Amino acid sequence: MKKLISGLHQFQTSYFSTHHALFEELARGQNPRVLFITCSDSRIDPNLITQAQVGELFVIRNAGNMIPPFGATNGGEGAAVEYAIQALDIEQIIVCGHSNCGAMKGLLKLSKLEEDMPLVYDWLKQAEATRRLIKDNYPDLESSELLELTVAENVLTQIENLRTYPVIHSRLHQGRLHLHAWVYNIESGEVREYDPTRHGFVDPDGFVEASMQGCTLSQSPSVRLLGLEPESASSTDKTMTYNRTSNHDSWLSPEQRQRIYRGSASQ
Ligand SMILES: [Zn+2]
């Protein structure tokens, strides 16, 4: 705690004192352009990984970066989503999962949590769609590979859940809202964005390039359900920067990427 108190002083004497204009502007109101939904995990810092400034991201955090479907609960997530879209007029939503996610590990052994952590158990039950998809489609995978896939599938599930909100449904219909599925890799610092044209998680910069070349949407009905239109990336906030330390198309293997969509049962 002493370290935090010391940090408060340091913030006031250094950063705050050299950014007066910014904080005066922020004191008059906020105008974030991105809703960033991510996990409570301490190893993720949305502003750090995107190099966004204070005031630029409206953030929702919880265990497993989850947004329960509209009407499923009366929690704060739906209210925050509605406020972000209706009141703040945000046009970009990012759901960002991450590697080695404890919540997704818990989801993979959900029944064991019921007695020791009943509240966590209740919360994770809201990711039942992810759990079921993984259980039914990836029965033979090793645990580390299974966890990666669960993280990726869960992000896509939350994108689908977002679409159940009336305010989001309406804005998508108007073409005024874009949804992005990201996975952050803690070990490499890299972010991958789901690209429905390639059925995989790719460098967000590559996603933009591919999209601008006029790639067409996949014929997969489940891809269309996601609402990740290719043109969405062309309006991605250019103030954000991404790590480009690797030329790899994805941190998932081609086989994994295939399974994300089609399931190992149909291989
Ligand atoms: Zn997590």
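Since the structure is predicted, the reported quantities are computational estimates derived from the model, not experimental observations.

## Overview of helix 4 (residues 76-87)
And then number 1: Its 12 residues place the ends of helix 4 15 Å apart at the C-alpha level, agreeing with the 16 Å of an ideal helix rising 1.5 Å per residue.
And then number 2: Burial in helix 4 covers these residues: Glu77, Gly78, Ala80, Val81, Ala84 and Ile85. Down the axis, helix 4 shows its buried residues gathered within 165° of arc, on one side only.
And then number 3: Buried residues in helix 4 make contact with strand 1 (34-39), strand 2 (57-62), strand 3 (92-98), helix 7 (118-124), helix 9 (143-162) and helix 10 (166-174).

## Details of the packing of aromatic side chains
And then number 1: Tallying each qualifying case throughout the model produces 9 aromatic pairs.
And then number 2: Ring geometry for phenylalanine 58 against tyrosine 83: centres 6.0 Å apart, planes inclined by 35°, an arrangement best described as tilted. In this pair, phenylalanine 58 sits in strand 2 while tyrosine 83 sits in helix 4, placing the two residues 25 residues apart along the sequence.
And then number 3: An aromatic cluster of at least three residues, connected via ring pairs, comprises Phe11, Tyr15, Phe16 and Phe23.

## As for the coordination of the zinc ion
And then number 1: Around the zinc ion, the donor atoms from the protein are Cys39 (SG), His98 (NE2) and Cys101 (SG), and they sit 2.0 to 2.3 Å away.
And then number 2: The exposure class assigned to cysteine 101 is buried, which follows from its relative accessible area of 2%.

## What about the UniProt feature "binding site: Zn(2+)" (unreviewed entry) in the protein?
And then number 1: As recorded in UniProt, the sites labelled "binding site: Zn(2+)" (unreviewed entry) are Cys39, Asp41, His98 and Cys101. A stretch of 63 residues holds the annotated residues, and the largest C-alpha distance among them is 8.8 Å, short enough that they meet in one place.
And then number 2: Within the fold, aspartate 41 resides in the loop between strand 1 and helix 3 (46-50).
And then number 3: Contact partners of aspartate 41, with chain neighbours within four places excluded, come to Arg61 and His98.
And then number 4: Turning to its location among the elements, cysteine 101 is positioned in the loop between strand 3 and helix 5 (102-108).
And then number 5: Beyond its immediate stretch of four places on either side in the chain, cysteine 101 contacts Cys39, Gly64, Leu147 and Val151.

## With respect to the nonpolar core
And then number 1: The biggest cluster of nonpolar side chains holds 52 residues, and the ones touching the most others in it are Leu35, Ile37, Val81, Ile93, Leu162 and Ile168.
And then number 2: No other element matches helix 9, which puts 7 residues into this core.
And then number 3: Ignoring any residue separated from it by four or fewer positions in sequence, one finds leucine 162 in contact with Ile37, Ile67, Val81, Ile93, Val95, Ile168 and Leu179.
And then number 4: Counting 5 residues, the second largest nonpolar core, distinct from the first, contains Ile134, Tyr138, Leu141 and Leu149.

## Structural notes on the pairing of strand 4 (residues 178-184)
And then number 1: Counting buried residues in strand 4 gives 7 out of 7 residues, a clear majority hidden from the surface.
And then number 2: Of the two faces of strand 4, the one carrying His178, His180, Trp182 and Tyr184 and the one carrying Leu179, Ala181 and Val183 are both buried.
And then number 3: Note: strand 3 against strand 4, 7 bridges, orientation parallel. The residue bridging isoleucine 93 from the neighbouring strand is leucine 179, located in strand 4.

Cut-offs used in this document
- Residues numbered from 1 in each chain as written.
- Predicted model: local features only at pLDDT ≥ 70, side-chain atom pairs only at ≥ 80, totals over all residues.
- Heavy atoms only, no water.
- Helix = DSSP H or I, 4+ residues; strand = E, 2+ residues; numbered from the N terminus.
- Expected span 1.5 Å × (residues − 1).
- Buried < 20%, exposed > 50% of the residue type's maximum accessible area, 1.4 Å probe, protein only.
- Arc of directions from axis to C-beta.
- Contact = heavy atoms within 4.5 Å.
- Phe/Tyr/Trp six-rings, centres within 6.5 Å; stacked < 30°, edge-to-face > 60°.
- Donors = N, O, S within 2.8 Å, 3.2 Å for Na, K, Ca; no water.
- UniProt positions renumbered as here; feature names shortened; annotations may be inferred.
- Core = buried A, V, L, I, M, F, W, Y, C linked by side-chain atoms within 4.5 Å.
- Pairing = 2+ DSSP bridges.

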